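Residue-level structural notes
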Amino acid sequence: MIKLRNMLLVGLALAIAVCLIWRLRGSKVDDFAGTSSDPMSRSVRKSQPAFEASIINSYPEPASSTEGMVYIPGGEFSMGSLDPSNMMCGGDQPMNDARPLHRVYVDGFFMDSTEVTNEQFEQFAKATGYLTVAERRPTREEFPTAPEENLIAGSVVFSPPPRSVPLNNHFQWWRYVPGANWRHPTGPDSDLRTRERYPVVQVAYEDAAAYAKWAGKRLPTEAEFEFAARGGLAGKLYSWGDELKPGGKWQANIYQGVFPVRNGDTGEDGFKGIAPVAQFQPNAYGLFDVAGNVWEWCSDWYRADYYSALAQEGRIARNPRGPSSSLDPSEPNEPKRVQRGGSFLCTDQYCTRYMVGTRGKGEVRSASNHLGFRCVKDRPQ
Ligand SMILES: [Ca+2]
């Protein structure tokens, strides 16, 4: 980090500098972590608890209905993911941070049936005048040594290379684009015309939280997200079951083809790139796109070892709200919150985080054009 700041100080060319600003603002959205050869992976595998049946609350659904939201009854379930890396379509990442499986109870709550859309976010921006992180100029305080000309508002955009590249360096397909923000998701040349019903993207954590507060809602905890995404099923690989494509039919907007090549997404699921909300079957709770399309912010700080800490307590975790601070061993200085669900860029060649028990994370002030959110609301007492 210090080295990067110094490099900014001596003044590199703009193209490099904006890349570094992105780096300083954090960037890892869907890259993680761990290989099956690391020792933690081996020890985790040995003592792996199994999935147990879910115990769904049977209280009556609250009489008050909430527009655009569905009721999630809550209950007790096994949270986390087995190592999918040896499974068919499981990808090559062992998902160490999603183990051990552990028992969790969450109270009932309401959840938006879709990701928050551009038209919904527009209402919020209009009513409040709110400016998202990507719309604000990075400040001198945030980047004390950066040359003035490099303090440019913008955000991170998927910018695929013309031909296939080794998948070990995500800088090959992510770029900091000046002028990219939620109104211009892929840069100044893009806009929201005909995209009213697409999920809003280019929102940092505080932007999502500000919207939720304005709407009288909040962001889901990671446990709420997973409970809801599982749709009452126990121990399944996906929010709809165990098969990626039951009956040959795609269930989520993910990436098909050679990742991350330009025009590499063959669009077999109906979409090359992001899709409007609710284009695929909802899960059993009526939730659309809890897998794929865009990543979704959760309110928990991210720690790779959080599940171990909960499991060590040896009791059912009740309404867990995440650890008190963040620690991603691969980028320990960057405060990160949990993200869930994966995106239209997830593929079994690179990142299978559309699998229901797997975890993502992102630096809190970073956004990108495959990151959005949805909100939840407590059940009335
Ligand atoms: Ca999603």
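Residues numbered from 1 in each chain as written. Predicted model: local features only at pLDDT ≥ 70, side-chain atom pairs only at ≥ 80, totals over all residues.

Pairing is antiparallel in the open sheet, where three strands are placed in the order S2-S5-S13. The open sheet has two free edges, formed respectively by strand S2 (69–72) and strand S13 (376–378), since each of these has just one partner strand. Here the average twist between neighbouring strands, direction ignored, is 25°. Sheet analysis places strand S5 (residues 109–112) next to S13, joined by three bridges and oriented antiparallel. Bridge pairing links Phe 109 to Asp 378 in S13. (Pairing = 2+ DSSP bridges. Helix = DSSP H or I, 4+ residues; strand = E, 2+ residues; numbered from the N terminus. Axes fitted to C-alpha atoms, helices over the stretch in contact; angles between N-to-C directions.)

In this section: the environment of Val 106. Along the chain, Val 106 turns up in strand S4 (residues 102–106). Taking C-alpha positions, Val 106 is 8.7 Å from Pro 73, a pair spaced 33 residues apart along the chain. When neighbours within four sequence positions are excluded, Val 106 is seen to be in contact with Gly 74, Ala 223, Glu 224, Phe 227 and Asn 319. (Contact = placed C-beta atoms within 7 Å.)

Along any regular strand the residues' side chains alternate between the sheet's two faces. With burial as the criterion, each face of S5 is covered, one bearing Phe 109 and Met 111 and the other bearing Phe 110 and Asp 112. Where S2 meets S5, four bridges bridge the pair, whose relative direction is antiparallel. Looking at the pairing, Tyr 71 lines up with Phe 110 of S5. (Buried ≥ 20, exposed ≤ 12 C-beta atoms within 10 Å, placed from the backbone.)

Ranked by internal contacts, the top residues of the largest apolar core, which has 81 residues, are Met 111, Val 203, Ala 208 and Ala 228. Counting residues per element, this core draws most heavily on helix H6 (residues 222–230), which supplies five residues. Discounting chain neighbours no more than four positions away, the residues touching Ala 228 are Ile 72, Met 111, Tyr 285, Leu 287 and Val 290. (Core = buried A, V, L, I, M, F, W, Y, C linked by C-beta atoms within 7 Å.)

The subject of this paragraph is the environment of Ser 159. Tracing the backbone shows Ser 159 in the loop between strand S6 (154–158) and strand S7 (174–178). Taking C-alpha positions, Ser 159 is 9.3 Å from Phe 171, a pair spaced 12 residues apart along the chain. In this structure, Ser 159 is in contact with Trp 173, Trp 174 and Arg 175, ignoring residues within four places of it in sequence.

Geometric descriptors of this kind do not, in isolation, establish any biological role.
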